[in-house]
Amino acid sequence: MRLRGRKGIRESLEEQQDLVILEPAQYKGKWQQLFGNDRPIHVEFGMGKGQFISQMSFRNPDINYIGFDMYDELVRRATEKSRLAWSDTEVGTPPNIKLALANIEQIENVFEPGEIERIYLNFSDPWPKTKHARRRLTHPRFLDKYRQLLNSRGQIHFKTDSETLFEFSLNSFADSGLQMTNISLNLHREGINEEHVMTEYEQKFMGKGMNIHRVEVLIGKDALEEYGKTRLEKYGK
């Protein structure tokens, strides 16, 4: 994937230290200290242009958000989306979001075990060729990393337009012994689901009439216990 961005992208990012983290590994184990509070940390791996993570930060001011991407041009665009999301408020810099430049392959170098509460994987690259399956962000080798980084309330929320990737991911979650819930083969079947913040890709695919697949994966002990107490309610038992 190549991105044609404007000249001076790196300089623009370096000037936005209030929002941008260019060397996230230096904050391993110190993210709450960086945010200045002990609120839960939710992250998006592969945030693209940043619409989802920006809107989530605005909707949920009591949660800290970190958006990751490996392309500096996308991080730059995400800074624009984040500032725009908060532009109608008296807040200068969005207080509960950071945008980090990083490759997810080394994400264990960025967080201590148990430092994250939720991971969002939205419209990740499907890597359709079988020989590239290990690069999919729902491959068991990545799931092993996520399990180490998530805390007792840890969850993974996954969305994709790719039926093939969704099938692969469900099998990957199951083979890894993970509890899935709220599985949807068509998230917006009855119209746009206002409970869910949409990404740029999601809006594009919805406009083409494509189905959006979604699942929540429960990792942490407390998340599993809570699910165990409530799981039959949806069936009227």
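Residues numbered from 1 in each chain as written. Predicted model: local features only at pLDDT ≥ 70, side-chain atom pairs only at ≥ 80, totals over all residues. Heavy atoms only, no water.

Asks: Run through the side chain of Asn96, naming residues and quoting values.
Replies: As for its placement among the helices and strands, Asn96 is situated in the loop between helix 4 (72-85) and strand 4 (97-101). Within the structure, Asn96 has its side chain in polar contact with the backbone oxygen of Ile63 (distance 2.9 Å). The contact partners of Asn96, leaving out residues within four places of it in the chain, are Phe35, Ser57, Asn60, Pro61, Ile63, Asn64, Tyr65 and Trp86. (Helix = DSSP H or I, 4+ residues; strand = E, 2+ residues; numbered from the N terminus. Polar contact = N/O pair within 3.5 Å; in protein donor to acceptor, adjacent residues only side chain to side chain. Contact = heavy atoms within 4.5 Å.)

Asks: Could you give me a rundown of the UniProt feature "binding site: substrate" (unreviewed entry) in the protein chain, with the residues and numbers involved?
Replies: With numbering matched to this structure, UniProt assigns "binding site: substrate" (unreviewed entry) to Lys129, Asp161, Thr199, Glu200, Tyr201 and Glu202. Their sequence span is 74 residues, while the largest C-alpha to C-alpha distance among them is 24.7 Å; these annotated residues do not converge on one region. As for its position among the elements, Lys129 is in the loop between strand 5 (116-122) and helix 5 (140-149). Taking the relative accessible area as the measure of exposure, Lys129 reaches 52% and is therefore exposed. Counting through the fold element by element, Glu200 comes out in helix 7 (residues 200-207). Not counting chain neighbours up to four residues away, the residues in contact with Glu200 comprise Lys49, Gly50, Gln51 and Lys81. One polar contact links the side chain of Glu200 to the main-chain amide nitrogen of Gln51, over a distance of 3.1 Å. (UniProt positions renumbered as here; feature names shortened; annotations may be inferred. Buried < 20%, exposed > 50% of the residue type's maximum accessible area, 1.4 Å probe, protein only.)

Asks: Tell me about unusual backbone geometry, residues and numbers included.
Replies: Keep in mind that most residues, glycine aside, have a negative phi and that most peptide bonds are trans. Of note, the phi angle at Phe123 is positive, near 55°, even though the residue is not glycine. By secondary structure assignment, the location of Phe123 is in the loop between strand 5 and helix 5. Here the phi dihedral of Asn182 falls at roughly 50°; this positive angle occurs in a residue that is not glycine. Tracing the backbone through its elements, the reader meets Asn182 in strand 7 (residues 179-184).

Asks: Give a detailed account of the UniProt feature "binding site: S-adenosyl-L-methionine" (unreviewed entry) in the protein chain, specifying residues and quantitative values.
Replies: The sites that UniProt annotates as "binding site: S-adenosyl-L-methionine" (unreviewed entry) are Glu44, Asp69, Asn103 and Asp125. Despite a sequence span of 82 residues, these residues sit close together in the fold, their greatest C-alpha distance being 13.7 Å. The class of Asp69 is buried, set by a relative accessible area of 8%. Other than its neighbours up to four places away in sequence, Asp69 contacts Gly46, Met47, Gly48, Leu74, Val75, Ala100, Leu101 and Ala102. Of the polar contacts made by the side chain of Asp69, one reaches the backbone nitrogen of Met47; its length is 3.4 Å. Note that Asn103 resides in the loop between strand 4 and strand 5. Judged by relative accessible area, Asn103 falls into the partly exposed class, the value being 32%. Engagement of the side chain of Asn103 in a polar contact is seen with the backbone nitrogen of Glu105, the distance being 2.9 Å.

Asks: Can you break down the pattern of salt bridges residue by residue, with the values?
Replies: Following the criterion strictly, the structure yields 11 salt bridges and no others. In this structure, Arg76 and Glu73 form a salt bridge, with 2.8 Å as the shortest nitrogen-oxygen distance. Here Arg76 pairs with Glu73, and both are found in helix 4, just 3 residues apart, close to one helical turn. Considered together, Arg76 and Glu73 belong to a single accessibility category, that of buried residues. The partner of Arg153 in a salt bridge is Glu226, and the shortest N-O contact between them spans 3.2 Å. Remark: Glu226 occurs in helix 8 (residues 221-230) and Arg153 occurs in strand 6 (residues 150-160); sequence separation between them is 73 residues. Classification of Arg153 by relative accessible area gives partly exposed; the value is 39%. Judged by relative accessible area, which is 43%, Glu226 ranks as partly exposed. (Salt bridge = Lys/Arg side-chain N within 4 Å of Asp/Glu carboxyl O.)

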